[in-house]
Amino acid sequence: MTGRALVIVDHQAGVVGQGQLGLVAQARAVRETVEALLFGAPSAEAVELLGRCGVSTVHLASSEALNVPVAQPRVEVLIDLLRREEFDVVLLENSSLVADVAAAAAVRLDAGVNWDLAALEMRDGSLVGTRMAVQDTVVVEVGWSGLPALAVFRAGQLGPVPPAEPLVPTTRDVDVELSPSASAVRVIRGADSALAMTGLDTADIIVSGGRGLGGPENIALLEDLADVLGGVVGVSMPVVDKGWYPYSHQVGQTGRTVRPKLYIACGISGAMQHRVGMSRSGTIVAINTDPRAPVFGFCDFGVVGDLTEVVPRLAALLRADVRA
Ligand SMILES: Cc1cc2nc3c(=O)[nH]c(=O)nc-3n(C[C@H](O)[C@H](O)[C@H](O)COP(=O)(O)OP(=O)(O)OC[C@H]3O[C@@H](n4cnc5c(N)ncnc54)[C@H](O)[C@@H]3O)c2cc1C
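Residues numbered from 1 in each chain as written. Predicted model: local features only at pLDDT ≥ 70, side-chain atom pairs only at ≥ 80, totals over all residues. Heavy atoms only, no water.

Colleague: What is the right way to look at the packing of helix H3 (residues 71–84) against helix H4 (residues 96–109) in this model?
Modeller: Geometrically, a packed helix pair is captured by the angle between its two axes and the distance between the axes. In the contact formed by H3 and H4, the axes pass within 9 Å of each other and the chain directions differ by 45°. What the angle tells us is that H3 and H4 run oblique. H4 is crossed by H3, and the crossing has right-handed handedness. Across the interface between the two elements, Ala71, Arg74, Val75, Glu76, Leu78, Ile79, Leu82 and Arg83 from H3 touch Leu97, Asp100, Val101, Ala104, Ala105, Arg108 and Leu109 from H4. (Axes fitted to C-alpha atoms, helices over the stretch in contact; angles between N-to-C directions. Helix = DSSP H or I, 4+ residues; strand = E, 2+ residues; numbered from the N terminus. Parallel < 35°, antiparallel > 145°, perpendicular 65-115°, else oblique. Left-handed = near helix turned anticlockwise from the far one by under 90°. Contact = heavy atoms within 4.5 Å.)

Here's what the structure looks like:
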């Protein structure tokens with residue numbers, strides 16, 4: 001195996017997300033050398049972590065214009081690096097920001113981009129990506145006809161990185177003179193910050209509620225159980241549509257893809273569009289009044305019962321246990 005892969009990492013205060021580390025493992029599977037482009041203030045912690053996962057060189061791109069979630073300065077830095085150095089695969093984890101960066105880079109480099117990937121592999125000397133299609137009911141294989149190949153992975157899809165031979169990465173400052181328009185953008189209000197604040201992407205425990213909640217007043221039951229377990233609240237789409245809880249907490253095909261250690265689905269039927277967002281959770285517990293609900297077909301533990309009775313009792317038992 002030869003070639004160089006570049007993993008794009010946008011760290012927040014030194015914290016590199018699990019999905020971005022997962023990109024490193026994907027890159028290792030298809031290229032001999034894996035390097036990273038790190039956006040944000042230089043962070044020794046992030047560089048060390050990337051080295052432990054097998055990254056040999058970290059390109060540090062830090063400038064005031066990169067401290068805000070805006071695509072254009074990132075595009076200019078990435079294009080400049082790709083024009084100067086020969087990377088044949090670029091891996092990114094999707095977000096609204098990354099979608100803009102990948103699309104602009106593909107146009108300006110005349111490169112191919114594939115979205116929503118779950119995995120990458122080499123087959124007969126060619127790069128092959130796997131993605132789900134038709135509302136996640138069909139697995140599709142995709143390829144690239146030109147280089148560099150831009151590979152955008154579905155957010156929340158990738159798990160922890162399998163151990164690699166730890167490296168001490170070389171760091172290189174990326175010195176790019178940004179165009180006036182790239183450095184002129186000022187962010188007045190960040191709607192995406194609500195998404196980051198939920199903690200859904202990194203939560204070990206998620207207590208999720210669906211239409212079976214019956215009304216917004218019962219969200220407090222989920223919040224209480226999440227509180228005692230040290231988890232966060234997720235919801236299904238109808239709960240958002242009815243205005244009971246913000247979209248930033250929606251799990252599923254058009255919400256977040258999550259993979260906590262424990263997912264408790266309360267009053268959620270288990271429709272395919274919800275399932276695709278949480279099926280990779282470690283242990284799934286379902287609480288539902290209908291014994292024929294589809295969720296009982298794929299959960300690990302099921303309780304047939306009314307969530308307004310089961311959830312508070314569970315919270316009270318756990319609280320008593322914590323105190324004992
Ligand atoms: C393109 C597209 C994208 C979509 N994206 C998403 C998405 O991102 N996320 C998502 O969640 N959905 C999504 N959906 C909607 C999805 O198809 C389902 O309609 C939705 O997931 C159902 O939500 P639910 O389980 O809360 O509601 P329901 O299917 O109505 O299920 C409610 C469940 O609550 C149970 N129940 C009722 N009362 C109680 C009680 N007191 N205690 C316990 N259980 C009770 C019922 O038995 C039932 O099983 C999408 C649909 C489409 C077409």
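Colleague: What's the story with helix H7 (residues 219–229) in this structure? I'm lost.
Modeller: Counting along an α-helix, one turn takes 3.6 residues, and residues three or four places apart therefore face a common direction. Buried residues of H7: Ile219, Leu222, Leu225, Ala226 and Val228, and no others. Once H7 finishes, Gly230 follows within two positions and takes phi at roughly 75°, a positive value. (Buried < 20%, exposed > 50% of the residue type's maximum accessible area, 1.4 Å probe, protein only.)

Colleague: What is the right way to read the domain arrangement of the protein from this model?
Modeller: A common measure of how large an interface is: the accessible area buried when the components associate. Structurally, the protein comprises domain 1 (4–188) and domain 2 (195–323). Its C-alpha centre places domain 1 at a distance of 32 Å from the equivalent point of domain 2. Taken together, the contacts link 10 residues of domain 1 with seven residues of domain 2. Here domain 1 packs against domain 2, burying approximately 790 Å² in sum over the two surfaces, 43% of which is carbon and sulfur. If you look at where domain 1 meets domain 2, you find zero residue pairs in polar contact (both at pLDDT 80 or more). (Domains from an automatic or database assignment. Buried area = accessible area lost by both parts, 1.4 Å probe. Polar contact = N/O pair within 3.5 Å; in protein donor to acceptor, adjacent residues only side chain to side chain.)

Colleague: Before we go on, may I ask you to explain the side chain of Gln26 in this structure?
Modeller: Positionally, Gln26 belongs in helix H1 (residues 18–30). Residue classification places Gln26 among the buried residues on the basis of a relative accessible area of 15%. Each residue touching Gln26, except ones within four places of it in the same chain, is listed here: Leu91, Ala118, Ala119, Leu120, Phe153 and Leu158.

Colleague: Explain the site of the ligand to me, please; I cannot follow it from the model alone.
Modeller: Within the structure, the ligand sits among 26 residues, and Arg211, Ser236, Thr254, Ser269 and Asn288 are positioned closest to it. Measuring from an oxygen atom of the ligand, one finds a side-chain N or O atom of Ser236 at 2.6 Å. The contact in question runs from a nitrogen atom of the ligand to an N or O atom on the side chain of Asp306, over 3.0 Å. For the ligand, whose unbound accessible area comes to 980 Å², protein coverage reaches 75%. For the shell around the ligand, the elements supplying multiple residues, two or more each, are helix H8 (237–241), helix H9 (272–278) and strand E13 (283–288). Residue composition of the shell around the ligand, grouped by class: eight nonpolar, 15 polar and three charged. (Near = heavy atom within 4 Å. Areas by Shrake-Rupley, 256 points an atom, 1.4 Å probe, with all protein chains shown as cover. Nonpolar A, V, L, I, M, F, W, Y, C, P; charged D, E, K, R; others polar.)

Colleague: Mind showing me how you'd approach the packing of aromatic side chains here?
Modeller: Between two aromatic rings, the relevant description is the distance of the centres plus the angle of the planes. For the structure on display, the rule yields zero aromatic pairs. Here the basic side chain of Arg74 rests over the ring of Phe39, its NZ or CZ set 5.4 Å away from the ring centre. One residue, Arg275, lies across the ring of Phe298, its end atom 4.1 Å from the ring centre. (Phe/Tyr/Trp six-rings, centres within 6.5 Å; stacked < 30°, edge-to-face > 60°. Lys NZ or Arg CZ within 6 Å of the ring centre and 35° of its normal.)

Colleague: Can you help me understand the sheet that holds E13 in this one?
Modeller: Two pairing modes exist for strands in a sheet, parallel and antiparallel, and in both the strands are linked by backbone hydrogen bonds. Pairing within the open sheet is parallel, and its five strands lie in the order E11-E10-E12-E13-E14. Among the strands making up the open sheet, the edge pair consists of strand E11 (232–235) and strand E14 (301–304). On average, each strand axis in the sheet is inclined to that of its neighbour by 20°, with strand direction left out of account. Judged from the five bridges that link them, strand E12 (residues 262–266) and E13 form a sheet pairing that is parallel. Within the sheet, the bridge partner assigned to Ala265 lies in E13 and is Ala286. H7 contacts strand E10 (205–209), E11 and E12 of the sheet and is inclined by roughly 170° relative to E10. (Pairing = 2+ DSSP bridges.)

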